[in-house]
Amino acid sequence: QVQLVESGGGLVQAGGSLRLSCAASGRTFSRYVMGWFRQAPGKEREFLAAITWSGLSSYADSVKGRFTISRDNAKNTVYLQMNSLKPEDTAVYYCAGDVSGSYYYTSSWHYWGQGTQVTVSS
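Described below are features of the structure shown in this document.

What to know about the overall build of the protein
Tallying secondary structure elements over the protein gives 0 helices and 11 strands in all. Each helix and strand of the protein, ordered N terminal to C terminal, gives the series β-β-β-β-β-β-β-β-β-β-β. Expected size for 122 residues packed as a compact globule is a radius of gyration near 14 Å; at 13 Å, the protein falls within 12% of this value. Counting only C-alpha atoms and orienting by the principal axes, one finds that the protein spans roughly 40 × 25 × 25 Å. In the protein, the share of contacts with a sequence separation of at least 24, taken over all contacts with a separation of at least 6, comes to 56%. Just so you have it, the protein exposes about 6,200 Å², and 48% of that area is on carbon and sulfur atoms. Separation between the mean location of the 11 positive side-chain charges and that of the 8 negative ones in the protein comes to 5 Å.

Brief notes about the packing of aromatic side chains
The geometry of an aromatic ring pair is captured by two quantities: the separation of the ring centres and the angle between the planes. Summed over the entire model, instances satisfying the criterion amount to 8 aromatic pairs. Note on Tyr-32 and Tyr-111: the rings are 6.2 Å apart at their centroids and 55° apart in plane angle, and the pair reads as tilted. Taken together, the positions of Tyr-32 in the loop between β3 (18-26) and β4 (34-39) and Tyr-111 in strand β10 (residues 109-112) put the pair 79 residues apart, joining distant regions of the chain. Relative accessible area serves as the criterion here: at 12%, Tyr-111 is assigned to the buried category. Members of the aromatic cluster, connected to one another through ring pairs, are Phe-37, Phe-47, Tyr-94, Tyr-103, Tyr-104, Trp-109 and Trp-112. Its guanidinium or amino end placed over the ring of Tyr-94, Arg-45 lies 3.6 Å from that ring's centre, counting from NZ or CZ. The ring centre of Trp-112 lies 4.9 Å from the NZ or CZ of Arg-45, which sits over that ring.

Cut-offs used in this document
- Per chain, residue numbering runs from 1 following the sequence as it is written.
- In keeping with the predicted nature of the model, local features appear solely for residues at pLDDT of at least 70, side-chain atom pairs appear and are counted solely at 80 or more, and the whole-chain, interface and lining totals rest on all residues.
- Each side-chain value is derived from all of the structure's non-hydrogen atoms; neither hydrogens nor water enter the calculation.
- In this text, helices come from DSSP runs of H or I with a minimum length of four residues, and strands from runs of E with a minimum of two, each type numbered from the N-terminal end.
- What the globule rule says is 2.2 Å times the number of residues to the power 0.38, and the radius of gyration is computed from C-alpha atoms.
- Contacts were defined at the residue level, with two residues in contact if any of their heavy atoms lie within 4.5 Å.
- Working definition of accessibility: Shrake-Rupley area with a 1.4 Å probe, residue cover restricted to the visible protein chains.
- Only four residue types enter the tally: Lys and Arg on the positive side, Asp and Glu on the negative side, with His and both chain ends excluded.
- Think of each charge as sitting on NZ of Lys, CZ of Arg, CG of Asp or CD of Glu.
- Here is the rule: rings of Phe, Tyr and Trp (six-membered ring for Trp) pair when centre to centre is within 6.5 Å. Planes less than 30 degrees apart are stacked, more than 60 are edge-to-face, and the remainder are tilted.
- Remark: exposure states derive from per-residue accessible area (1.4 Å probe, protein chains only) relative to the maximum for the residue type, with buried under 20%, exposed over 50%, and partly exposed in between.
- Charge-over-ring contacts are defined here by two conditions on Lys NZ or Arg CZ: a distance within 6 Å of the ring centre and an angle within 35 degrees of the ring normal.

Given below as structure tokens:
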């Protein structure tokens, strides 16, 4: 079993930056692909980015060039650096771990954090 705990959310002005963290505990974190999703009110949970154990990353087109995923296997932590934030980035952001299948489908991921709220004001 893997437990994921997100932190780093908050209120930021448009154009600003935030870095989210996801601390993992339990089974061997470094073996897993880790990912980030978000869910805005009234919308489906949306894939943002994923990173393999070796550091290969993938991004959704909506955040490519603005968001960067990274991981520190020694600290069992994955990060999401978010730059040039827009009001439409407002959502609850979720960390996910251990994928079987397409990164884009929530059903492919085995472990989820509880989410952290990000609010971007205009």
